[in-house]
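# A look at the structure
The lines below spell out each chain.
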Amino acid sequence: MEHPVLTAAVRQAAKSENKKLKREGKVPAVVYGKGYETTSISVDDKELSRILKSRGESSLINLELNGEAFPVLIKEVQRNVLKNSMEHVDFFKVSMDEEVEYNLPIVLKGDAKGVKEGGVLQHQKREVTVKSLPNDMLDNIEIDISDMDIGDTLTVADLKIADKNTVLDDPDEVIVSVLAPRLEEEEIETPEEGEEPELVGEDKEEQEEE
């Protein structure tokens with residue numbers, strides 16, 4: 001698989017510099033790794049956004065820095081929710097012959113049979129932590145939920161994943177389930193004809209005093 005290339009430049013690690021970078025459409029970042037000196041860098045906001053949109057946040061890319069391109073894993077993207085912007089990115093320099101841990105998104109496919117019958121779909125776990133060699137990394141893992149009935153549950157152990165990838169999460173963790181339909185209104189018991197309704201709270205105490 002061909003990995004996208006992202007151009008980076010060395011930057012000064014200062015808050016005043018970060019504000020200037022953002023005005024220029026750049027995102028402050030850092031790249032680090034085993035045997036690699038941690039370096040403060042900046043990358044183009046639009047260029048990185050395109051990669052994240054097409055490949056996701058846990059993706060392997062080639063970072064081009066000072067005329068050298070090397071593989072890195074996007075480890076963390078810090079965002080400003082109010083401004084809908086990226087504040088900082090961490091890149092991890094990897095060795096192609098050493099396994100890395102990454103977050104693998106879970107994608108649900110199909111429409112659950114139980115939902116068509118009134119059940120409620122609950123997608124509890126949206127990614128799993130996986131370990132593999134960089135070239136064996138997956139973009140996502142798909143689960144077909146078409147045959148799920150009300151009461152059915154799929155766990156991490158049910159994932160069908162390539163042997164070259166090892167799932168590190170608890171196999172008993174629930175990924176998705178179809179719950180029984182919820183009642184819109186709870187049934188209220190009404191007293192039978194001639195039967196006095198039971199009083200509660202202050203009204204009951206007042207009646208007892210009389």
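Preceding this section is the structure that the text describes.
The sections below set out a description of the structure shown in this document.

Here is what the cut-offs are and how they apply
Residues numbered from 1 in each chain as written. Predicted model: local features only at pLDDT ≥ 70, side-chain atom pairs only at ≥ 80, totals over all residues. Heavy atoms only, no water. Helix = DSSP H or I, 4+ residues; strand = E, 2+ residues; numbered from the N terminus. Buried < 20%, exposed > 50% of the residue type's maximum accessible area, 1.4 Å probe, protein only. Areas by Shrake-Rupley, 256 points an atom, 1.4 Å probe, with all protein chains shown as cover. Core = buried A, V, L, I, M, F, W, Y, C linked by side-chain atoms within 4.5 Å. Contact = heavy atoms within 4.5 Å. Pairing = 2+ DSSP bridges. Axes fitted to C-alpha atoms, helices over the stretch in contact; angles between N-to-C directions. Salt bridge = Lys/Arg side-chain N within 4 Å of Asp/Glu carboxyl O. Phe/Tyr/Trp six-rings, centres within 6.5 Å; stacked < 30°, edge-to-face > 60°. Arc of directions from axis to C-beta. Polar contact = N/O pair within 3.5 Å; in protein donor to acceptor, adjacent residues only side chain to side chain.

## Some thoughts on the overall build of the protein chain
When helices and strands are tallied, the protein chain shows 4 helices and 13 strands. Taken over 210 residues, the protein chain has a buried fraction of 33%. Just so you have it, the protein chain exposes about 14200 Å², and 44% of that area is on carbon and sulfur atoms.

## A few points about the nonpolar core
Among the nonpolar cores identified, the biggest contains 22 residues, and Leu 104, Val 128, Ile 143, Ile 145, Met 148, Leu 159 and Ile 175 are the most heavily contacted of them. Going through the elements one at a time, β7 (100–109), β9 (127–132), β10 (141–144) and β13 (174–179) are the ones with two or more residues in this core. Among the elements that make up this core, the one with the highest residue count is β7 (4 residues). Not counting residues within four places of it along the chain, the set of residues in contact with Ile 143 comprises Ile 106, Val 107, Leu 108, Lys 109, Leu 154, Leu 159 and Ile 175. Counting 20 residues, the second largest nonpolar core, distinct from the first, contains Ala 29, Phe 70, Ile 74 and Val 89.

## Let's talk about the sheet that holds strand β2 (residues 26–33)
Strand order in the closed barrel formed by 6 strands is β1-β3-β2-β6-β5-β4, with mixed pairing between adjacent strands. Here the average twist between neighbouring strands, direction ignored, is 45°. Each of β2, β3 (36–44) and β6 (85–93) is contacted by helix α1 (residues 15–23), which is oriented at about 120° to β2, the strand it contacts most.

## Quick word on the pairing of β6
As judged from the 5 bridges shared by β2 and β6, these two strands associate in the parallel manner. In the sheet register, Ala 29 faces β6, and the bridge partner there is Val 89. One ladder, built from 8 bridges, connects strand β5 (residues 68–80) with β6; its direction is antiparallel. Paired with Ile 74 across the strands is Phe 91, a residue of β6. Where β5 folds back on β6, the antiparallel hairpin that results is connected by 4 residues, among which Asn 84 adopts a positive phi of roughly 55°.

## What about unusual backbone geometry?
Phi is positive for Asn 66, which is not a glycine, with a value near 55°. For Asn 84, which is not a glycine, the phi torsion comes out positive at approximately 55°. Here Asn 84 shows up in the loop between β5 and β6. What makes Asn 84 exposed here is its relative accessible area of 70%.

## Brief notes about the pattern of salt bridges
Between side chains of opposite charge, a pair can form as their charged atoms come close. The tally for this structure, following the rule as stated, stands at 8 salt bridges. Here Lys 131 makes a salt bridge to Glu 99, at a shortest N to O gap of 3.9 Å. With Lys 131 in strand β9 and Glu 99 in the loop between β6 and β7, the pair connects residues that are 32 residues apart, well separated along the chain. Accessibility expressed as a relative area gives 46% for Glu 99, which makes it partly exposed. The structure contains a network of salt bridges with shared partners spanning Lys 125, Asp 169 and Glu 173.

## Considering the packing of aromatic side chains
Counted by the stated rule, this structure contains 2 aromatic pairs. Taken together, a centroid distance of 5.6 Å and an interplanar angle of 50° make the contact between Tyr 36 and Phe 70 tilted. Taken together, the residues Tyr 36 in strand β3 and Phe 70 in strand β5 connect sequence positions 34 residues apart. On the basis of relative accessible area, Tyr 36 is assigned to the partly exposed category, the value being 23%.

## A short note on helix α2 (residues 45–55)
Those residues of α2 that fall on the buried side of the exposure criterion are Glu 47, Leu 48, Ile 51, Leu 52 and Arg 55. End-on view of α2: buried residues confined to an arc of 130°, all on one side of the axis. The exposed set on the far side of α2, more than 90 degrees from its buried face, consists of Lys 46, Arg 50, Lys 53 and Ser 54. On its buried face, α2 sits against β1 (5–10), β3, β4 (60–65), β5 and β6. A distance of 3.2 Å separates the backbone nitrogen of Lys 46 from a side-chain oxygen at the start of α2, and that oxygen is part of Asp 44. Positive phi shows up at Gly 56, right after α2, with a value of about 90°.

It is worth stressing that arrangement in space is one thing and function is another; only the former is reported here.
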